[in-house]
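Architecture and fold: a report
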Amino acid sequence: MHRPIASIIAWLDRIDPDAHRRIKGLRLVTAYGIATALGTLHEVGSDAPAGISLGTLAASFALWASVSEARTTRATSSRDMTILCLAAAVGAAVFALFEPVLRAHFSAGGEWVLASGAFAVGYLKRYGILGAGVGSQIYIGQLTAYSMALGPTDLTAIAVAAAIAIIAAVIPRLLSGPAERPATMAAMGPITGHPRTYPAELVMGLQATAATLLIVVLNTFLGLTESAWAVTACVYVIGATASGTVDRVRRRIAGTLVGVPLALICLPFAAQAPLLMWCAAALAMIVYAMALPERYDVACGAFAFTLLVTLAVNGEHSMPVLLARLWETVLGSVIGAAMARLVLPLRAHADETQGQARRED
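A few points on the structure. (Residues numbered from 1 in each chain as written. Predicted model: local features only at pLDDT ≥ 70, side-chain atom pairs only at ≥ 80, totals over all residues. Heavy atoms only, no water.)

1. Details of the overall build of the protein
Secondary structure summary: the protein contains 16 helices and 0 strands in total. Evaluated residue by residue, the protein yields a buried proportion of 50% over its 361 residues. For the protein, the proportion of contacts with a sequence separation of at least 24, taken over those separated by at least 6, is 77%. About 16300 Å² of surface is accessible on the protein, with carbon and sulfur atoms providing 67% of the total. (Helix = DSSP H or I, 4+ residues; strand = E, 2+ residues; numbered from the N terminus. Buried < 20%, exposed > 50% of the residue type's maximum accessible area, 1.4 Å probe, protein only. Contact = heavy atoms within 4.5 Å. Areas by Shrake-Rupley, 256 points an atom, 1.4 Å probe, with all protein chains shown as cover.)

Below is the structure:
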């Protein structure tokens with residue numbers, strides 16, 4: 001009994017030696033819980049449109065703002081999380097306003113809107129860590145609005161959710177103090193540029209957009225179960241080089257191949273012990289925060305587990321839907337890798353130098 005526990009502790013210390021990321025993981029879970037609780041208060045949620053869960057909307061904004069934030073002081077962290085929550089609200093509002101217009105002309109209006117968020121995820125990396133977070137939050141806002149089917153009449157709910165999210169994200173950060181060491185973008189590799197002098201961030205945005213549009217077309221003909229999962233996979237595997245993207249694809253697929261089966265094993269407990277499953281999901285998100293900087297595969301597995309467990313607790317027990325997380329993640333990741341190879345492929349400077357030397361020989 002002591003040996004497995006000792007092994008787990010040793011693994012935790014190896015990937016998070018000073019417990020900084022474990023503290024951040026706890027902060028993610030706390031922010032999600034505070035937002036959910038505030039959103040379900042009668043005084044807050046009574047004015048929300050029927051069928052709109054302010055708690056779920058705000059929790060999504062707060063959770064991913066906390067993930068993207070990477071500052072060392074309370075003041076700068078609070079400032080960034082406020083900006084990030086507002087960015088998610090902007091993304092949700094853009095979806096709510098433009099989805100009906102696009103749906104009037106295309107069968108998949110929502111997915112077309114996601115293409116703009118996909119571009120933002122890559123392009124805004126040129127403005128540093130905060131820019132990368134803002135781009136991600138714009139997409140997260142669109143994705144949340146897509147999953148909740150928000151429309152123009154829900155703009156007030158989006159604004160209220162943003163206010164709740166800011167409170168929920170900032171309070172845990174103020175309490176955690178200096179006991180965190182923020183992760184950087186180093187895990188994605190150096191952003192260099194295209195041999196034809198195109199900005200690397202522009203190329204990354206175009207690659208993610210091209211992959212998204214291809215999935216939209218495939219969805220039109222094939223009718224994917226959850227096309228947004230494939231889009232999300234292709235958006236977040238795009239790296240600073242083509243080889244880096246392929247490596248992220250391998251890691252994302254490997255993690256998902258572990259996380260999804262583990263979640264399916266836990267399905268019988270979803271109805272009988274929902275509190276236990278929520279605790280398991282919370283622990284998985286802590287592992288996600290710890291592993292994300294260097295162990296992208298572990299982070300993807302932890303999030304896949306969290307997503308499916310929470311879906312099951314909320315009543316989703318359809319095996320085709322749950323298994324779609326696996327195969328649509330693979331589909332989106334492979335398409336992302338293909339676009340990284342075909343659309344203005346990015347190469348590191350060392351690769352370019354070696355290629356030039358070979359040409360001279």
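Following the structure, the description resumes.
2. Focus on unusual backbone geometry
The backbone of Ala149 sits at a positive phi, close to 55°, despite the residue not being glycine. Structurally, the position occupied by Ala149 is in the loop between helix H7 (128-148) and helix H8 (155-176). Classification of Ala149 by relative accessible area gives exposed; the value is 61%. Located in the positive-phi region is Leu344, a residue other than glycine, with phi close to 45°. Checked against the element boundaries, Leu344 lands in the loop between helix H15 (319-342) and helix H16 (349-360). A relative accessible area of 22% places Leu344 in the partly exposed class.

3. Considerations on the packing of aromatic side chains
Under the defined criterion, the tally for this structure stands at 6 aromatic pairs. With a centroid separation of 5.9 Å and 90° between ring planes, the pair formed by Trp64 and Tyr288 is classed as edge-to-face. Residue Trp64 is located in helix H4 (residues 54-68), and its partner Tyr288 is located in helix H13 (residues 274-291); the two are separated by 224 residues in the primary sequence. With relative accessibility at 10%, the residue Tyr288 sits in the buried group. When the ring of Trp64 is compared with that of Phe303, the centres are 5.3 Å apart and the planes differ by 75°; the resulting orientation is edge-to-face. Of this pair, Trp64 sits in helix H4 while Phe303 is found in helix H14 (residues 296-313), placing the two residues 239 residues apart along the sequence. Every member of this aromatic cluster is reached through a ring pair, and the members are Trp64, Tyr288 and Phe303. (Phe/Tyr/Trp six-rings, centres within 6.5 Å; stacked < 30°, edge-to-face > 60°.)

4. Digging into the environment of Leu155
Within the secondary structure, Leu155 sits in helix H8. For Leu155, a relative accessible area of 32% gives the class partly exposed. Once the C-alpha coordinates of Leu155 and Ala89 are considered, the two residues, 66 residues apart in sequence, prove to be 9.0 Å apart. The contacts of Leu155, once residues within four sequence positions are left out, are Ala93, Ala96 and Leu97.

5. Remarks on the pattern of salt bridges
Here the structure, examined in full by the defined rule, presents 8 salt bridges. Measuring nitrogen to oxygen at the nearest pair gives 2.6 Å for the salt bridge that ties Asp80 to Arg71. (Salt bridge = Lys/Arg side-chain N within 4 Å of Asp/Glu carboxyl O.)

Without other data, these values stay purely geometric and don't point to any function.
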